Every structure is written in C-alpha cells, then in structure tokens.
Amino acid sequence: MTERTVLITDHSWPTVEIERDVLARVGARIVEPRSGDEQELVELARGASAIMTCFAQVPARVIDSAPGLQVVGRFGIGVDNIAVDAATRRGIPVTNVPVYCLDEVAEHVLALALTLRRRTLDFDRAVRDGDWTLKTGMPMHRISGQTLGILGYGKIGAAVAARARALGMHVVANSRSVPAGRTYDDGVEAVDLDELAARSDVLTLHAPLLDATRHVVDAAFIARMKRTAVLINTARGPLVDQDALARALREGRIAGAGLDVFDPEHLPPGHPLLSAPNAVLTPHVAYYSEESVADLRRASAEAVAAVLGGRAAASVVNADALAARAA
C-alpha cells in the first residue's frame, strides 16, 4: 500500500491519535504545520493527498498547490473557511460532518436563553457584592408561553425546537426550505424574516454563512424585534452586525444577547460587547463535550479515509457540483 500524506491544518485537541488510527487503515500518515500560516500550508500541501481543517482558512492558493490532492475534509459542519469552488473546479470532494454536536449546541442555546431570561449571572454578581435583593433582575417573566424564533431550521434548529417545546415555548422558524405560512415536518410554524423578528421573545441563529445571510441581523432587523427580546448566536459570527447589536444593547433596543461566536472570532480588547452588562459571552464552546469531539474527529477522519480508499464519503458538500461537472 502506497503511503499517502494528510495535512491537518489545525485542531483544538491535544493529539491526533484518533485521526492517526483511522487514516492508517488506508496507508495515510499525518503531517501538521508549525505556524499554520498560509505559506507554510502551501508548502506542506504540495505533497498531500488530503487536507483536513478545523478553523484554519484553506484558500484556493493552498488547494491549487497540491497536485495530488484527492479530498478536503472539515472538522465540523460549515465549510465557509474552505475554498469549495476551487476544490470543485479540480473535481475534489469537500467532506464535512453534518450530524454531530446537535445535543451540545441545543443545550448551549437553552443555557444562554435561561441565563438571560432568569438573569442568573446578574444575580450571582449581585450576591457576591452583598446585594440580596431582587431588584437586579426585575422584572422577570416565565419562559413557558414565550415564543422562540429560529433563523435557519436544519438539524440543530429542530433539536433546539424540541427542547424549547418541552419547556412550554411556542416555536416559529425561518429557512429557505419551507415558505412562510406552512409548517415543517415536526409542526413548527414557518414565518418570513419580518414576522420572525417581530414575534420572537428569544431569537436563536442556526443559518449557514452565505452572502445572503451575512449581517442578516442588522440594525433594521433589530429595530423590528421586541425591546424585551434576547438574541442568541451559536452559528457564525458574521450573521450579526456586531456594531449594530452593541448599539442596540447599549440603548436598550433589545433586552440581551447570548453569543458563542464572533466576528472576528476573538474580540479585540475594548470592544463594546465585552462591557455590555446585558450580554453573555462564551468562547465558541457550544459544540463541545468530550463525547461530541471524539465523534467529530472519528467521523471526519473516516470521511477522508473513505475517499482515499476509493469509497464514497458519508457527506460531501459539493457532490451536486461535482456530478454536474462530470456530466
């Protein structure tokens, strides 16, 4: 068996032993960059049969530098950090793992929603400062009976909806797959963007990052939301115009925000969101549990191994484009 090379651009776990074990079955060895800058990736990709990436950008320049490249794999769901068009032009499949961390993200959304609605962080800070009154969190309303709006109704959105309904919330959603006025298979009501903004007490984002969805939550969208509403984003930072959100929080245009993703991913010191008292911020951790990361790593490596072994991967994001190109 001819040994192949798999370039793993980056990862957020200590070792790549799971990936190494899976890829060894198809005679592949792993190489990792030292710095991870684009020029180093270009040089390492020249001898690679596959590239696997977590958060690092894989632009066309990196893909085009690899004459023997057979597959690009993403540790995750979204592929906006990969030049998919460049891979497609060369007939290279781009794989992802669309079914993972559903439970984790859904749980994180509800954790942020309940934290904001029950003001638990505010009460914690007040108690630590010696304030045992209730004034910090007044007024509060029960979450049962409120409306959860979901922007982007895929597998994660549906997982959030199921949990929200168990808490007694009414759920409405907006996506490209079901027109407003109809219902999804699980009975959730489909609405247009204007109605989604106007009706949501809690609005959670689960849309992919596309040209059409970049800054979909902008100043005009926020202006249509209830002043008592809270916004939650565990999907992609650029879905939200953060400057508009920061102003809305500062001016009391909405009641709060729970953010796990940002644009840029690390907010610079002094960013107004960092000092917003009505914002709960977490460091892109919604996907994480020990179980979900192990599942992700194994599934990602198995997808790449499948292509290297001449088999079909479980999920190829550009399959239709490749089929059209071959026709």
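Residues numbered from 1 in each chain as written. Predicted model: local features only at pLDDT ≥ 70, side-chain atom pairs only at ≥ 80, totals over all residues. Heavy atoms only, no water.

K.L.:
Please explain the overall build of the protein chain as it appears in this structure.
P.N.:
Secondary structure assignment for the protein chain yields twelve helices and twelve strands. Judged by the C-alpha coordinates and their principal axes, the protein chain covers about 70 × 45 × 30 Å. When burial is assessed residue by residue, the protein chain has 53% of its 327 residues classed as buried. Taking all contacts inside the protein chain whose residues are at least 6 apart in sequence as the whole, residues at least 24 apart take part in 61%. Carbon and sulfur atoms form 52% of the exposed surface of the protein chain, whose accessible area is close to 15,500 Å². Of the charged side chains in the protein chain, 35 are positive and 40 negative, and the gap between their average positions amounts to 2 Å. (Helix = DSSP H or I, 4+ residues; strand = E, 2+ residues; numbered from the N terminus. Buried < 20%, exposed > 50% of the residue type's maximum accessible area, 1.4 Å probe, protein only. Contact = heavy atoms within 4.5 Å. Areas by Shrake-Rupley, 256 points an atom, 1.4 Å probe, with all protein chains shown as cover. Lys, Arg positive; Asp, Glu negative; His and termini not counted. Charge placed at Lys NZ, Arg CZ, Asp CG, Glu CD.)

K.L.:
How do you make sense of the side chain of T115 when you look at a structure like this?
P.N.:
By the element assignment, T115 lies in helix α5 (residues 102-118). A polar contact of 2.7 Å, which involves the side chain of T115, links it to the backbone oxygen of A111. With residues up to four places along the chain from it excluded, the contact list for T115 reads T120, L121 and V280. (Polar contact = N/O pair within 3.5 Å; in protein donor to acceptor, adjacent residues only side chain to side chain.)

K.L.:
In this structure, what is going on with the sheet that holds strand β3 (residues 50-53)? I would like to understand it.
P.N.:
A sheet is described by the order of its strands in space; here five strands give the open sequence β2-β1-β3-β4-β5, paired in parallel fashion. Of all the strands in the sheet, the pair left with one neighbour each is β2 (28-31) and β5 (94-95). Two strands pair when backbone bridges link them, and strand β1 (residues 4-8) and β2 are joined in this way by four bridges, in the parallel orientation. Within β2, the position partnered with T5 by the bridge is R29. Across the face of the sheet, helix α1 (residues 17-24) comes into contact with β1, β2 and β3 while running at roughly 150 degrees to β2. (Pairing = 2+ DSSP bridges. Axes fitted to C-alpha atoms, helices over the stretch in contact; angles between N-to-C directions.)

Remember, this is a structural readout, not a statement about activity or role.
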